[in-house]
Amino acid sequence: MSRDRFGRPPRRPWSLSDEQREAMVAMRQTGATYALVGRTFGISDVAASATIRNRIAGRLRGGRPNTAEDFWDRVEPEPNTGCWIWVGYRLKSGYGNFAFHGTIPAHRFAYQLLRGPIPEGLTLDHYICNFPPCVNPWHTEPVPLSVNIARAKARRTGCRRGGHPYDKVWQSATNPKDRRRFCSVCDRENKRASVRRLRLQKQSATA
Ligand SMILES: [Zn+2]
Ligand SMILES: [Zn+2]
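A quick note: this is a predicted structure, and the numbers were derived from the prediction, not measured. (Residues numbered from 1 in each chain as written. Chains lettered and ligands numbered in written order. Predicted model: local features only at pLDDT ≥ 70, side-chain atom pairs only at ≥ 80, totals over all residues.)

**As for the nonpolar core**
At step 1: Formed by 13 residues in total, the largest nonpolar core has its most connected members in Val-75, Trp-84, Ala-106, Phe-109, Ala-110 and Val-135.
At step 2: Breaking this core down by element, the ones donating at least two residues are strand 2 (84–86) and helix 5 (106–114).
At step 3: Here this core takes 4 residues from helix 5, the largest share from any one element.
At step 4: If sequence neighbours within four positions are ignored, Val-75 has contacts with Trp-84, Ile-85, Trp-86 and Val-135.
At step 5: Counting residues in each nonpolar core, the second largest holds 8 residues, with Met-24, Val-37, Phe-41 and Ile-43 among its members. (Core = buried A, V, L, I, M, F, W, Y, C linked by C-beta atoms within 7 Å. Buried ≥ 20, exposed ≤ 12 C-beta atoms within 10 Å, placed from the backbone. Helix = DSSP H or I, 4+ residues; strand = E, 2+ residues; numbered from the N terminus. Contact = placed C-beta atoms within 7 Å.)

**Let's talk about unusual backbone geometry**
At step 1: Even without being glycine, Asn-130 reaches a positive phi, approximately 55°.
At step 2: Among the secondary structure elements, Asn-130 is positioned in the loop between strand 5 (123–125) and strand 6 (141–143).

**Here we look at helix 5**
At step 1: Listed in full, the buried residues belonging to helix 5 are Ala-106, His-107, Phe-109, Ala-110 and Tyr-111.
At step 2: Positioned one or two residues after helix 5, Gly-116 has a phi angle of 105°, which is positive.

**Regarding the domain arrangement of the chain**
The accessible area lost on association of the parts is a frequent measure of interface size.
At step 1: We note that the domain assignment places domain 1 (13–60), domain 2 (69–155) and domain 3 (168–206) within the chain.
At step 2: Each of domain 1 and domain 3 was reduced to a C-alpha centroid, and the two centroids are 42 Å apart. (Domains from an automatic or database assignment.)

**Some words on the packing of helix 1 (residues 18–29) against helix 2 (residues 34–41)**
At step 1: It is the contact of helix 1 with helix 2, at a shortest axis distance of 10 Å, that shows an interaxial angle of 150°. By the angle between their directions, the pair helix 1 and helix 2 is classed as roughly antiparallel. Classified by chirality, the crossing of helix 2 by helix 1 is right-handed. In this structure, helix 1 uses Gln-20, Met-24, Met-27 and Arg-28 to contact helix 2, whose residues at the interface are Val-37, Thr-40 and Phe-41.
At step 2: When the residues that make up the contact of helix 1 with helix 2 are grouped by side-chain class, the tally is 4 nonpolar, 2 polar and 1 charged. (Axes fitted to C-alpha atoms, helices over the stretch in contact; angles between N-to-C directions. Parallel < 35°, antiparallel > 145°, perpendicular 65-115°, else oblique. Left-handed = near helix turned anticlockwise from the far one by under 90°. Nonpolar A, V, L, I, M, F, W, Y, C, P; charged D, E, K, R; others polar.)

Following this line, the structure appears as structure tokens:
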């Protein structure tokens, strides 16, 4: 079997037939590791794991692909803000993902469904609510990525992690361009966490 430059098997799960996918699930259910299943079918362990889990999830859904109605099952309107909140799968960034001929960000799906195509190369800015899980297409506007980033930066009043207010703009002595803003609340939490980690390390070393 050919390998890529990292020595891994090629990742080509899309070339697998339905029978092969079923065989992968069966193999996994007899206790084979994802790595072994992947090796057998010529794909990586990560791809094998995803293929098998998707197959099982599809079976739970009755084996049919998502429709537009499935999309609205995962949307809950928020009466106070007017946001339509995505309650389906969310990325770490807060944006929703919807499986529809591949994976598509939920807010982009809603926009194209209700307002039409998004001009090529443009991103959707949540210019009304600044709330990534919102899929209300009248809360988003197609803008170039640079504009989206600039607006997001201008809107940001607190740290990204918890929205704590910034306490200072730190000025580097060596790099005048470094204008990073630091959050005192997050700083304190990070320091406490590292102390806790060290203490645990010491405990497990002496134990
Ligand atoms: Zn909204
Ligand atoms: Zn913070």
